[in-house]
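# Structural overview for review
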Amino acid sequence: MQNNANEMAVFNTAIYVRLSKEDIVAAQSGRESNSITNQKQLILDFLKDKPEFNIVPIRIDDGYTGTNMKRPAVQKALAGIFCGKIQALVVKDFSRLSRNHLQLSELLELILPGYPVRVISIADGYDSARSSYNMDSAIKNLFYEYYCRDISHKTREALYGKSREGIYAAGRVPYGYRRDRQGRLEIVEE
């Protein structure tokens, strides 16, 4: 991190961005979603005038839910921290890192303090070099988790409502069928 007393400390910095599977359109078209691009730009703009942050490859989980930590890019970022190759982790906000408040609290309060890593959440105004994970952060993360659960519940209810009305609500129409004008399936005889 630091070569001698006269030099500024330099942190190998992992930028982590994530977008959940709700942005299917971008994933299906084979391009990055706009939200991923926006998150990266926000973080890069934040770090632009901070030469102490040496950006290592940006870690991207596009199309992954934040309700668990089983995501390839977040696992790579954490592995870099655990083996000492990464000394700073920057995210747009804590909901990108995790929407499970218990896992996030465990990570920020119990696991990461045991490693020489600086954690920055731009939108949450959090920098572990200046403050500790506090009640405000914990409450905000509870809202992130319950927002995710609420959206999931509403989506399931909407799909269930369509199916009760006989409207096919899944993405692809099965082979041998097509949708009529009302969204119901009809057999294609040929």
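Provided above is the structure to which this section pertains.
Residues numbered from 1 in each chain as written. Predicted model: local features only at pLDDT ≥ 70, side-chain atom pairs only at ≥ 80, totals over all residues. Heavy atoms only, no water.

## Concerning the packing of aromatic side chains
Where we set the bar: Each pair of aromatic rings taken from Phe, Tyr and Trp, with Trp reduced to its six-membered ring, is defined by centres within 6.5 Å and is described as stacked if the planes are under 30 degrees apart, edge-to-face if over 60, and tilted in the remaining cases. Each helix is a run of H or I in the DSSP string that is no shorter than four residues. Each strand is a run of E no shorter than two, and both are numbered from the N terminus. Type-normalised accessible area, obtained with a 1.4 Å probe on protein chains alone, sets the label of each residue: buried when under 20%, exposed when over 50%, and partly exposed for intermediate values. Two limits define a charge over a ring: the Lys NZ or Arg CZ must be within 6 Å of the ring centre, and within 35 degrees of the ring normal.
Counted under the stated rule, the structure contains 3 aromatic pairs. Their ring planes at 40° and their centres at 4.9 Å tell us that F82 and Y115 sit as a pair that is tilted. Taken together, the residues span a long stretch of sequence, with F82 in helix α3 (residues 72–82) and Y115 in the loop between α5 (101–111) and β5 (118–121) at a distance of 33 residues. For Y115, a relative accessible area of 32% gives the class partly exposed. When the ring centre of F46 is taken as reference, the NZ or CZ atom of K50 above it lies at 4.2 Å.

## Some remarks on the environment of R71
Stated formally: The criterion used for residue contact is that any of the two residues' heavy atoms lie within 4.5 Å. Polar contacts, as used here, are pairs of N or O atoms within 3.5 Å; protein pairs need one atom able to donate a hydrogen and one able to accept it. Residues neighboring in sequence count only if both atoms are side-chain atoms.
By secondary structure assignment, the location of R71 is in the loop between β3 (59–62) and α3. The spacing of R71 and R18 is 53 residues in sequence and 9.5 Å in space, taken between C-alpha atoms. Not counting residues up to four positions away in its chain, the partners in contact with R71 are Y16, R18, D61, Y64, T65, G66, R96, L97 and S98. At 2.6 Å, the side chain of R71 and the side chain of Y16 are in polar contact.

## Here we look at α3
For the record, the criterion: Note: the arc covers the axis-to-C-beta directions of the helix.
Within α3, the full set of buried residues consists of A73, V74, A77, L78, G80 and I81. In a view along the axis of α3, the buried residues occupy a sector of 155°, so they form one face of it. Tucked into the core, α3 has its buried residues touching β1 (11–19), β3, β4 (88–91), α4 (94–97) and α5.

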